[in-house]
Amino acid sequence: NAGVMQNPRHLVRRRGQEARLRCSPMKGHSHVYWYRQLPEEGLKFMVYLQKENIIDESGMPKERFSAEFPKEGPSILRIQQVVRGDSAAYFCASSPSAGGYEQYFGPGTRLTVT
Amino acid sequence: AQTVTQSQPEMSVQEAETVTLSCTYDTSENNYYLFWYKQPPSRQMILVIRQEAYKQQNATENRFSVNFQKAAKSFSLKISDSQLGDTAMYFCGSGGTSYGKLTFGQGTILTVHP
């Protein structure tokens, strides 16, 4: 059973461009969580999705950020018009059930905005 | 709401010795759990140990054990017989069974010296 997959592992964008981060959960997992880790900090929750639904987006910045988890395909975290402050590691985790007790993390995507 | 505090930015220990990492938390949840994740230089998040708050017995996983003091809201991690491979950033955190997101502390960098 493959683990949580994230791609790309490294992404470089110029200011003003769009960044798309992909997360494929573990097989059989229908709950996905996105976290952001700024340099020298812990992970901060961004959004929790279940297939086709956003359950909790309380940690998501109000502008430029969006997330989806379609019926088919990976979950996508989209950042429009990136700024230098968006440079961070973005981690995705998946779990087989609600409650998040068992969250398995992907290797992360390191976004660098130049 | 949940908050997690790790007051030790850095710790070091000699190989084969024992080290304890501190963590305090606060939560409004009645049903919650606590955990420690390890983040080595590869940045992969690896679950070290997890404890449901309703359980009085401290969790143990091989060389890793916790000291859970519910009244004091303290959840420390003890690593026995430290190994060079234990060198990593360690994150303490909490989650509630009524929702999925995890809350992490700021992290403690542990260095194991030969």
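It should be emphasised that the depicted structure is a prediction, and the values quoted were computed from it without experimental measurement.

Undergrad: Please explain the sheet that holds strand β8 (residues 75-79) of chain A as it appears in this structure.
TA: Residue and element names in this part refer to chain A. Taken together, the 4 strands give an open sheet; going across it, the order is β1-β3-β8-β7, and neighbouring strands pair in antiparallel fashion. Of all the strands in the sheet, the pair left with one neighbour each is β1 (5-7) and β7 (65-68). Direction aside, the axes of adjacent strands within the sheet are offset by 15 degrees on average. Bridge count between β7 and β8: 4 bridges; the pairing is antiparallel.

Undergrad: For this particular structure, what's the right way to read the interface of chain B and chain A?
TA: Interface size is often expressed as the accessible area that is lost when the parts come together. Counting residues at the interface gives 19 residues for chain B and 22 residues for chain A. Of the roughly 1700 Å² buried where chain B meets chain A, counting both sides, 51% is carbon and sulfur surface. Interface area lost by chain B to chain A is led by R43(B), R50(B) and K101(B), which between them contribute 31%. Viewed at the interface, chain A and chain B are joined by 0 salt bridges. Our count for the chain B to chain A interface comes out at 7 residue pairs in polar contact (both at pLDDT 80 or more). Contributions of two or more residues to the side of chain B that touches chain A are made by β5 (32-39), β6 (46-52), β10 (88-96) and β11 (102-104) of chain B.

Undergrad: What should I look at first to understand the nonpolar core in this one?
TA: Where a protein is soluble and globular, its nonpolar side chains tend to be buried together. Within the largest apolar cluster, 24 residues are counted, with the highest numbers of intra-cluster contacts made by W36(B), L77(B) and Y90(B). Those elements giving two or more residues to this core turn out to be β3 (19-21), β5, β6, β8 (64-69), β9 (74-79), β10 and β12 (108-113) of chain B. Beyond its immediate sequence surroundings of up to four residues, L77(B) is in contact with V19(B), T20(B), L21(B), W36(B), V48(B), I49(B), F64(B), S65(B), V66(B) and Y90(B). If you look at the next biggest cluster of nonpolar residues, it comprises 23 residues, including F65(A), L77(A), I79(A) and A88(A).

Basis of the calculations
Residues numbered from 1 in each chain as written. Chains lettered and ligands numbered in written order. Predicted model: local features only at pLDDT ≥ 70, side-chain atom pairs only at ≥ 80, totals over all residues. Heavy atoms only, no water. Pairing = 2+ DSSP bridges. Helix = DSSP H or I, 4+ residues; strand = E, 2+ residues; numbered from the N terminus. Axes fitted to C-alpha atoms, helices over the stretch in contact; angles between N-to-C directions. Contact = heavy atoms within 4.5 Å. Buried area = accessible area lost by both parts, 1.4 Å probe. Salt bridge = Lys/Arg side-chain N within 4 Å of Asp/Glu carboxyl O. Polar contact = N/O pair within 3.5 Å; in protein donor to acceptor, adjacent residues only side chain to side chain. Core = buried A, V, L, I, M, F, W, Y, C linked by side-chain atoms within 4.5 Å. Buried < 20%, exposed > 50% of the residue type's maximum accessible area, 1.4 Å probe, protein only.

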